[in-house]
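Observations on the three-dimensional arrangement
So you can see what is in the structure, the chains are spelled out below.
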Amino acid sequence: MVMKNTNTQKSTIHFPRRINDGKNNVFRFGFPLHLLSGGEGNIRKMIIFLGEDFRNLPNTDLSRAIAISNQCLNYIRRECNGCELYYKPHPTETDEFAMLNLEGFKVMEKAPVELAFMKHADRIQHVFSTCSTASRIAYEFGFNSSVFLDPIAPALNPETVNGFRVFLAMLPKECFIENFSQALLENKKRLGTREELEDQVRTLVVGRRGTAWMLIGDPNALPYAKVVDMLVKKSNPEISLHLVISLHRRWETMPIDEVKKFFEKVSFIPREFYSVQPKKLLNAWRTARLIHAWPIDKNDVIISRLGLAFTDDCFASYFPNNPRVALMPGDFFDTTCGEQKLNQEQYRSRLGAKFFNLILEPILGIERTEYLEDKKRIANVYRYARPLNDIFDAVWVY
């Protein structure tokens, strides 16, 4: 239950902690994305600078952002002399790259960067960005990952900068370049072992001859899904992984044929949004019915990346007799399951979300969710009304 505290000067919205401490089914470990990189013995000379869609960031001083980005490119040319330099456009940027001085850089395709990381994992030495959230994934891959957040900050809205700082807070301070006179140092993550995740996967699939259904919603989940696929095959050759993609706007620039090179079986499900529009409500009902009739065998397992999308909710609710796992990063877990006290003035609950949460989800027979929209578009709140580890049989946190 969401509670409002009216005794304070500013009203707060209180979400209680949503974890059942009586169950021992939440497991924390480092995620071994480095398994995709081919080991430490490879010669790595590939340098990638991630572009940004500055036109889509509210109240950005575009000319200043371009000027500072060019300084970033000069820094890379200076510090990475002798390397192979690449510019990776943001999937939604328009003409930003045309305004940059890309001398010495090759321009990569405009697909989500996660695919580039997977394709070139054995070549990449360093990934740079002004403020890209993909810098987190680069670091998790085991690449050197550096962010020019302090230099680019004067060109961005302060609230936008704060949002990036919050999201990138998991990176160590060595990953942040504060000024252009600073020498470039190695900062890649000290890689852990894969045993903890491998043990969890083995326990999940041992003795089964069905399918591991891997549910993802965003392209940034592809590397994690591939590592799970590798460990499933190693743990039990009798079970295969079937990737189920809930279509997101970022998939529009993703070459699906390239995705299918990494996964033997891929299916697609429409993504549903909170709404009271009759057409969208009908689409949600159709998607729920589609999942309800999904060919799940008694030996199958379900693994949901994040576990909170409409698709994840339907699979978890309709197949309670199959082992169900939610896989998510630690900060996401803490936000969606931990106690939260939020400034009510910063959030709003739209009619569509209320209708979904209070009426449609119970009618469909799926777990009820709670959703608040951040007016500043920094971090929306999305949680289950019940403890996450009561809905899923295991929660894997990395």
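Structure first, text after, so check above.
The present account deals with the structure reproduced in this document. Owing to the predicted nature of the structure, the values given are computational and were not obtained by experimental measurement.

Some thoughts on the sheet that holds strand β9 (residues 211-216)
Two orientations exist for strands paired in a sheet by backbone hydrogen bonds: parallel and antiparallel. Across the sheet, which stays open at both edges, the seven strands sit in the order β3-β18-β13-β12-β9-β10-β11 with parallel pairing between neighbours. At either end of the open sheet lies a strand with only one pairing partner, and these are β3 (26-28) and β11 (265-269). Strand after strand, the sheet turns through a mean of 20 degrees between neighbouring axes, direction not considered. With four bridges connecting them, strand β13 (residues 324-328) and strand β18 (residues 394-397) associate as parallel partners. Pairing of Ala-326 across the sheet is with Val-395, part of β18. Along the sheet face, helix α7 (residues 222-235) touches β9, β10 (240-246), β12 (301-305) and β13 and points at about 165 degrees away from the line of β10.

Side note on the packing of aromatic side chains
Within the structure shown, the criterion is met by 20 aromatic pairs. Ring plane angle 40 degrees and centroid distance 5.9 Å describe the contact between Phe-148 and Phe-180, whose orientation is recorded as tilted. In this pair, Phe-148 is assigned in the loop between β8 (144-147) and α4 (149-152) and Phe-180 in the loop between α5 (158-167) and α6 (195-205), connecting sequence segments 32 residues apart. Judged by its relative accessible area of 0%, Phe-148 is buried. Among the aromatic residues, those joined into a cluster by ring pairs are Tyr-274, Phe-310, Phe-356, Tyr-371 and Tyr-382. Above the face of the Phe-167 ring, Arg-136 is positioned so that its terminal group lies 4.4 Å from the ring centre.

Focus: helix α1 (residues 62-79)
Helix length check: α1 (18 residues) gives 26 Å between terminal C-alpha atoms against 26 Å at 1.5 Å per residue, within 8%. Of all the residues in α1, the buried ones are Leu-62, Ala-65, Ile-66, Ile-68, Ser-69, Asn-70, Cys-72, Leu-73, Tyr-75 and Ile-76. Against β4 (46-50), β5 (84-88), β6 (105-107), β7 (124-129) and α4 lie the buried residues of α1.

What to know about α5
For α5, every residue scored as buried is listed here: Thr-160, Val-161, Gly-163 and Phe-164. The buried side chains of α5 occupy one side of the element, clustering within an arc of 160 degrees when seen end-on. Those residues of α5 that are exposed and aimed more than 90 degrees away from the buried face are Pro-158 and Val-166. Looking at the buried residues of α5, the elements they touch are α4. A distance of 2.8 Å separates the backbone nitrogen of Glu-159 from a side-chain oxygen at the start of α5, and that oxygen is part of Asn-157.

Points about a nonpolar patch on the surface
Together, Leu-358, Ile-359 and Ile-363 make up a nonpolar patch on the protein surface, roughly 310 Å² of accessible area in all. Assignment of secondary structure puts Ile-363 in helix α12 (residues 351-364). A relative accessible area of 64% places Ile-363 in the exposed class.

Brief notes about the side chain of Ser-304
Tracing the backbone through its elements, the reader meets Ser-304 in strand β12. Discounting residues that sit within four places of it in the chain, Ser-304 has contacts with Leu-215, Asp-312, Val-325, Ala-326, Leu-327 and Phe-392.

Structural notes on the nonpolar core
Counting 53 residues, the largest nonpolar core has Phe-31, Phe-117 and Leu-243 as the members making the most contacts within it. Counting residues per element, this core draws most heavily on α7, at seven residues. Setting aside residues no more than four positions away along its own chain, Phe-31 makes contact with Glu-140, Leu-197, Tyr-224, Val-227, Val-228, Leu-327 and Tyr-398.

Let's talk about the environment of Arg-18
Within the element layout of this structure, Arg-18 appears in the loop between β2 (12-15) and β3. Each C-alpha atom of the pair Arg-18 and Ala-67 lies 46 Å from the other, and the pair is 49 residues apart in sequence. Within the local environment of Arg-18, its side chain forms a polar contact with the side chain of Glu-370, the two groups lying 3.0 Å apart.

Some points on the sheet that holds strand β16 (residues 369-374)
Across the sheet, which stays open at both edges, the three strands sit in the order β15-β16-β17 with antiparallel pairing between neighbours. Of all the strands in the sheet, just β15 (347-348) and β17 (381-384) have a single pairing partner and so form its edges. As paired elements, β16 and β17 share four bridges and run antiparallel to each other. Among the inter-strand pairings, Glu-370 is bridged to a residue of β17, identified as Arg-383.

Some remarks on the packing of helix α9 (residues 278-292) against helix α10 (residues 310-318)
Each pair of packed helices gets described by two things: the angle between the helix axes and the distance between those axes. Taken N-terminus to C-terminus, the directions of α9 and α10 make an angle of 40 degrees; their axes are 9 Å apart at the nearest point. The orientation of α9 with respect to α10, classified from their angle, is oblique. Crossing hand, α9 versus α10: right-handed. Counting all contacts with α9, which are made through Ala-284, Thr-287, Ala-288, Arg-289, Ile-291 and His-292, the residues of α10 involved are Phe-310, Thr-311, Cys-314, Phe-315 and Tyr-318. Considered class by class, the residues forming the contact of α9 with α10 number seven nonpolar, three polar and one charged.

Definitions and limits used
- Residues numbered from 1 in each chain as written.
- Predicted model: local features only at pLDDT ≥ 70, side-chain atom pairs only at ≥ 80, totals over all residues.
- Heavy atoms only, no water.
- Pairing = 2+ DSSP bridges.
- Helix = DSSP H or I, 4+ residues; strand = E, 2+ residues; numbered from the N terminus.
- Axes fitted to C-alpha atoms, helices over the stretch in contact; angles between N-to-C directions.
- Contact = heavy atoms within 4.5 Å.
- Phe/Tyr/Trp six-rings, centres within 6.5 Å; stacked < 30°, edge-to-face > 60°.
- Buried < 20%, exposed > 50% of the residue type's maximum accessible area, 1.4 Å probe, protein only.
- Lys NZ or Arg CZ within 6 Å of the ring centre and 35° of its normal.
- Expected span 1.5 Å × (residues − 1).
- Arc of directions from axis to C-beta.
- Polar contact = N/O pair within 3.5 Å; in protein donor to acceptor, adjacent residues only side chain to side chain.
- Patch = residues over 30% accessible without salt bridge, like charges linked within 9 Å, V, L, I, M, F, W, Y side chains within 5 Å.
- Areas by Shrake-Rupley, 256 points an atom, 1.4 Å probe, with all protein chains shown as cover.
- Salt bridge = Lys/Arg side-chain N within 4 Å of Asp/Glu carboxyl O.
- Core = buried A, V, L, I, M, F, W, Y, C linked by side-chain atoms within 4.5 Å.
- Parallel < 35°, antiparallel > 145°, perpendicular 65-115°, else oblique.
- Left-handed = near helix turned anticlockwise from the far one by under 90°.
- Nonpolar A, V, L, I, M, F, W, Y, C, P; charged D, E, K, R; others polar.

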